[in-house]
Amino acid sequence: MTVTLLVEQCKNNNRKAQLALYKQYCSGMFIVAQRYLKDHAEAEDAMQEAFIKAFEKLYQFKGDVTFGAWLKRIVINTCLDTIKGRKLETESLEE
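These notes cover the structure that comes with them. (Residues numbered from 1 in each chain as written. Predicted model: local features only at pLDDT ≥ 70, side-chain atom pairs only at ≥ 80, totals over all residues. Heavy atoms only, no water.)

**Overview of the overall build of the protein chain**
When its secondary structure is counted, the protein chain shows four helices and zero strands. The N-to-C order of helical and strand elements in the protein chain reads α-α-α-α. By principal-axis analysis of the C-alpha atoms, the protein chain measures approximately 50 × 25 × 25 Å. The buried share of the protein chain, taken over its 95 residues, is 31%. Intrachain contacts of the protein chain at a sequence separation of at least 6 include 57% that bridge at least 24 residues. Roughly 6400 Å² of accessible area belongs to the protein chain as shown, and the carbon and sulfur atoms make up 53% of that amount. If the 14 positive side-chain charges of the protein chain are averaged to one point and the 13 negative ones to another, these points end up 10 Å apart. (Helix = DSSP H or I, 4+ residues; strand = E, 2+ residues; numbered from the N terminus. Buried < 20%, exposed > 50% of the residue type's maximum accessible area, 1.4 Å probe, protein only. Contact = heavy atoms within 4.5 Å. Areas by Shrake-Rupley, 256 points an atom, 1.4 Å probe, with all protein chains shown as cover. Lys, Arg positive; Asp, Glu negative; His and termini not counted. Charge placed at Lys NZ, Arg CZ, Asp CG, Glu CD.)

**Quick notes on the side chain of Gln-18**
Inspection of the secondary structure assignment puts Gln-18 in helix H2 (residues 15-37). Residue Gln-18 is classed as buried on the basis of its relative accessible area, which comes to 9%. What Gln-18 contacts, discounting residues up to four positions off in sequence, is Cys-10, Asn-13 and Phe-55.

Right, dumping it as structure tokens:
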């Protein structure tokens, strides 16, 4: 099944299509998350959170870039949010 067809089915809340899309991209997106976070568990959490965000915001995907590139941007932004959260925790403890 093509990615375009899977994305269209996911927009219609097809759970099997969501699982297929997840399985297709999860390992690559985990590698991206791990490059940013360096911790296995944090990278896994960020990747899962990014997929949830992606499925919730799938209506915003217009197809002007590939789905993988769009998803990768969400993963990166989720990782950056995690890193920012860590810095805020550290700063508040020092004060």
